[in-house]
Structure formats: structure tokens, C-alpha cells
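Reading the structure
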There are 2 protein chains.
Amino acid sequence: EEYNPKDYLSPLVTVDVAIFTLIEGRLHVLLVKRANHPERGRWALPGGFIDAGQDTTLSEAAARKLEEKTGVTAPYLEQVYTVGDNTRDPRGWSVTVLYMALMAHAPTAAFVDSVADTRWWPLADAMGQDLAFDHRQLLDAARQRLSNKTAYTVLPVHTLDAPFTLTQLQQAFEEVLGAALEKKSFRRRILSADILDEVGEAPPPGGRGRPAALFRAKAGLGEHAFVRVVGEGK
Amino acid sequence: EEYNPKDYLSPLVTVDVAIFTLIEGRLHVLLVKRANHPERGRWALPGGFIDAGQDTTLSEAAARKLEEKTGVTAPYLEQVYTVGDNTRDPRGWSVTVLYMALMAHAPTAAFVDSVADTRWWPLADAMGQDLAFDHRQLLDAARQRLSNKTAYTVLPVHTLDAPFTLTQLQQAFEEVLGAALEKKSFRRRILSADILDEVGEAPPPGGRGRPAALFRAKAGLGEHAFVRVVGEGK
């Protein structure tokens, strides 16, 4: 027998991306105001349908949506999970594959400002919005994933504008984890993990004392894991 | 404007399930020989299309496929990840949501024997098959997830026929982890985790010595996590 795709009622398939960055030390997420029905006018995670002509894989579709909204490619993109049911979208049985992306803010700033109805939101403000569809749950799941993995990986590195000081990097970890870290232990682990290149020095804060070393992530860093959990004992 | 689902070429959407059990102490996975094109005659993970009339969520669809092939519901079902691209299925752009399930063998044995072209395979033999589609990669991903989570959760409990002794439980962990565990440390952690009910005693092996206590998992156990990793130090 011949198989005819039109014989099956295929669910709608979308990808959605929770894109995180740090702006002035605070975690932000990119939201887009919906221009079309359904849920027109509500803020949502960037995303949309697979384009069978353009996208050859799910992660390519996610990367495409992300670049359309930020103007850049993300150094880190990870699949979080997939939600599908017959109630989350009024158009019918709907499946969305959720991704999480991390990027520095500066390279996106001008582009994001130029795109209508696209904005970096402080995370707490985004969570307080009446987001479209089930995007509040999706955002919550992505944020959880980011926090959990920050306990044993270097993910926050990807949210910082480079170059950065170790103090800025520690503050990024603390912001994502929502917890203070012990300075000496944090530095020892980061430096022994051999994930950073030292690229210069910044003047000391207030112009006094020693200059602070500046770093950037080594190329191809990805989600490099610590052997031991950050913030756990020494 | 009205939205018409037929305007979009929706990808095919399936769920696939890697169902693991222990038979005589060895990890097995359930495979089904495909009766239809494409890939007719090749072994595959159980799965198939969402039935928009029957299934209200993705995990319900996975649970339905699983029950159709084993005759029982699984005590543990977890989403692993989603794969989608334009090459994995000759019928077109195809997305599959992969699940992993764990179950005891005894309750499934008669049913599985009665279903044509459905069989429990020792894992190594299954991995050696020329499986349909990309199911070898899917099986590999599910097996990795099971191993990784066994380092910090009690998942192997769900693969054992109950009641079981602590020795049998330790052997289940060792089989899934592919590593030997230290007996005293394993027992202390399992018993202090308060996840088992003692339900009787088994005669000692060979009829000599003390009888062995028999246990079953507490109801609703799920993926209970250890605070510390099994097999790491004391």
C-alpha cells in the first residue's frame, strides 16, 4: 500500500526558544509580541513552524528563529524538552520542541532594538507577564534547566559580554544560581578547568589597587562540565 | 485571516519508546518487527503516529504504544529527547519524540510471547541489529540516559520483579551501570533513602545461613534521587 501523508491528521509542529542573556548583571529573556492570531498581542518566546523548505533539522529551525530575532548565532543552543497535546493551541493538536539558548548581550543590542515588538525582559518581569499559549511553563522549564546545569557546567560563560573579569563571571554564576559563591573556591575551579583565555587587563575599580585580568571563553567551549559541583564544599 | 492547517506541510509526528527490563539479571529491550513499509521486516523500537482521536498528550501516546506491546502500564516513563529532520524517514520531514520506560519482566512475559514479531532482546544483541530508521541512535540515547540517571536515582528498581532481595537490587544497579558497587555502602544508601517496603523473607541461597529480607518499591516511587552518587566514595 502507498503511504499518503494527507491520510493522517499530523499535529502542528513548532520550535520555541528561550534565549537568555545578562544585562547589567541581571538575567534577561527575549520575548516577541505576537503579530498574528491566535494570541495576537501577547508576548511569547520566539519560535514558529518548521519550514520544510528551509530547515533540514529541528535544531536548524531553532537556530534560524533565534537568528531572525537577534541578528546573531548563539554560542550555546540546547534542546530542553517537547510538549504536545490537544489543548495548548486552539488550532488543534500541537507539538512544540523547546530549546534554550545563551548569548552575550552587546552583539544583539542594536539588532533587537531595531526589530519591532521584540525586547529583552528581566526574567522576573517576563515571568509576571500573561504569556501566550503555555509559554510561561516553557520559560519556567528552560530557566530550571539553566539553573540545574549551572551547578555542574560553565553555561553562564555564554551570557557575558567578553572580555570579562573573574568577578563578573562569578556574579554571572551567582545570578543564574540565585546563590552566593565562595570567591577562592570559585576561582580555583574555573582556572583549573582550563576553559578561559586570558586576553589582557582592566584598570582596577576606582583606579586603585591591582588591575583585573580579563578573560574570554576558549573557542568551542559548549557546556564543559566541572568534575565537581560549583558551590558544594571545597 | 483564517488559519488553515492544510496550508502548512506538517512534519510527520511519532513517539517511540525504548522499554527496558531485566531478565535473569541482564538488561533487555523490547523490539518489534515492522509489518509495514517503510523498513518492513526490520526490528524497531515500538512506536508510531499520534492518534489525534485517542491521545490527548504525547506521554499518553507513548503509554498507549507501550501498553499495546506489553499488556501492562509501566511504573516509569520518561521523555528522553526529540529528533526531527528531512532524512530520517523516506516519507518526508519527520519528528519523533523518544521515551524511555522501565518495567519488571514477569508481568509482561505471557503477553509479549503472544504478540507476533515482538520480543525482548538482550541489549547487546539489539544494538547489533540493523534497526529500522535511526532507531539504533535512539536506543543508544535511551540507554545512555538510563545509565546516567542510575548514578543518582533509583531507576533500576523498576526493572526488577518484586519482591527482590538487596543482592538482586545491587546486581540490577551493577548491570545498568556496568560497574561493581561496594556492598555495605550500597545497602546503607538504599536503606537510608527509605524507598523500599520490607515484605518478607526468602530462604537463604543453598538453604544455609540467614534468610534474606525481601523488598518491594514503595508506591509512587518514580525517579527518587539520592543525595549522593551511588558508587562514589562512601
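Before any of the text, the structure's been laid out above.
Residues numbered from 1 in each chain as written. Chains lettered and ligands numbered in written order. Predicted model: local features only at pLDDT ≥ 70, side-chain atom pairs only at ≥ 80, totals over all residues. Heavy atoms only, no water.

Before going further, it helps to spend a moment on the packing of helix 5 (residues 166–177) of chain B against helix 6 (residues 183–192) of chain B. Residue and element names in this part refer to chain B. The geometry of helix 5 relative to helix 6 is characterised by a closest axis approach of 11 Å and an angle of 100° between their N-to-C directions. Here helix 5 is positioned roughly perpendicular relative to helix 6, judged by the angle of their axes. Along its contact with helix 5, which presents Leu 166, Thr 167, Leu 169, Gln 170 and Phe 173, the element helix 6 presents Lys 183, Phe 186, Arg 187, Ile 190 and Leu 191. Grouping the amino acids of the contact of helix 5 with helix 6 by side-chain chemistry returns six nonpolar, two polar and two charged. (Axes fitted to C-alpha atoms, helices over the stretch in contact; angles between N-to-C directions. Helix = DSSP H or I, 4+ residues; strand = E, 2+ residues; numbered from the N terminus. Parallel < 35°, antiparallel > 145°, perpendicular 65-115°, else oblique. Contact = heavy atoms within 4.5 Å. Nonpolar A, V, L, I, M, F, W, Y, C, P; charged D, E, K, R; others polar.)

The next subject is the environment of Leu 66 of chain A. Residue and element names in this part refer to chain A. Here Leu 66 shows up in helix 1 (residues 58–70). A sequence separation of 20 residues divides Leu 66 from Pro 46, and the C-alpha atoms of the two residues are 7.1 Å apart. With sequence-adjacent residues up to four places away left out, Leu 66 is seen in contact with Val 17, Ile 19, Gly 71, Val 72, Thr 73, Ala 74, Leu 77, Ala 101 and Met 103.

On to the pairing of strand 2 (residues 26–33) of chain B, then. All names here are of chain B. Among the eight residues of strand 2, six are classified as buried, and the element is accordingly described as predominantly covered. Pairing geometry for strand 1 (residues 12–23) and strand 2, over four bridges, is antiparallel. By the bridge assignment, Leu 22 is partnered in strand 2 with Leu 27. Linkage of strand 1 to strand 2, two consecutive antiparallel strands, is achieved through a turn of two residues, within which Glu 24 is found at a positive phi near 50°. (Buried < 20%, exposed > 50% of the residue type's maximum accessible area, 1.4 Å probe, protein only. Pairing = 2+ DSSP bridges.)

Mapped onto the elements of the fold, Asp 89 of chain A is located in the loop between strand 5 (76–85) and strand 6 (94–102). With near-sequence residues (within four places) excluded, Asp 89 of chain A lies in contact with Leu 12, Pro 38, Ser 94 and Phe 133 of chain A.

This paragraph deals with the side chain of His 105 of chain B. Position of His 105 of chain B among the secondary structure elements: in the loop between strand 6 (94–102) and helix 2 (106–114). If we skip the residues at most four places from it in the chain, His 105 of chain B touches Thr 21, Leu 22, Ile 23, Trp 120, Thr 159 and Asp 161 of chain B.

The interface of chain B with chain A comprises 27 residues on the first partner and 27 residues on the second. Across the chain B to chain A interface the summed buried area is about 2500 Å²; carbon plus sulfur atoms make up 64%. One can count zero salt bridges joining chain B with chain A. On the surface where chain B and chain A come into contact, there are nine residue pairs in polar contact (both at pLDDT 80 or more). Elements supplying a minimum of two residues to the side of chain B that touches chain A: strand 1, strand 5 (76–85) and strand 6 of chain B. Examining the composition of the side of chain B that touches chain A, we find that six residues originate from one element, strand 5 of chain B, more than from any other. (Buried area = accessible area lost by both parts, 1.4 Å probe. Salt bridge = Lys/Arg side-chain N within 4 Å of Asp/Glu carboxyl O. Polar contact = N/O pair within 3.5 Å; in protein donor to acceptor, adjacent residues only side chain to side chain.)

This part takes up the relation of the copies chain B and chain A. Mapping chain B onto chain A is achieved by rotating through 180° and translating by 0.0 Å along the same axis, at an RMSD of 0.0 Å. The relationship between the two copies is best expressed as a two-fold rotation axis. Most of the interface of chain B is mirrored in chain A, where 100% of its interface residues again form contacts. (Least-squares fit on C-alpha atoms with pLDDT ≥ 70 in both.)

Residues and elements named next belong to chain A. Tallied over the entire structure, the rule returns four aromatic pairs over all chains. Centre to centre, the rings of Trp 43 and Trp 121 are 5.1 Å apart; their planes meet at 70°, and the pair counts as edge-to-face. Of this pair, Trp 43 sits in strand 3 (residues 43–44) while Trp 121 sits in strand 7 (residues 118–122), and the two are 78 residues apart along the sequence. Trp 121 matches Trp 43 in its accessibility class, with the two residues each being buried. Seen in terms of ring centroids, Phe 173 and Phe 186 are 5.0 Å apart; in terms of plane orientation they differ by 70°. Their pairing is edge-to-face. One end of the pair, Phe 173, is in helix 5 (residues 166–177); the other, Phe 186, is in helix 6 (residues 183–192), with 13 residues separating them in the sequence. Like Phe 186, Phe 173 is buried. (Phe/Tyr/Trp six-rings, centres within 6.5 Å; stacked < 30°, edge-to-face > 60°.)

Function cannot be read off these values alone, since they describe shape.
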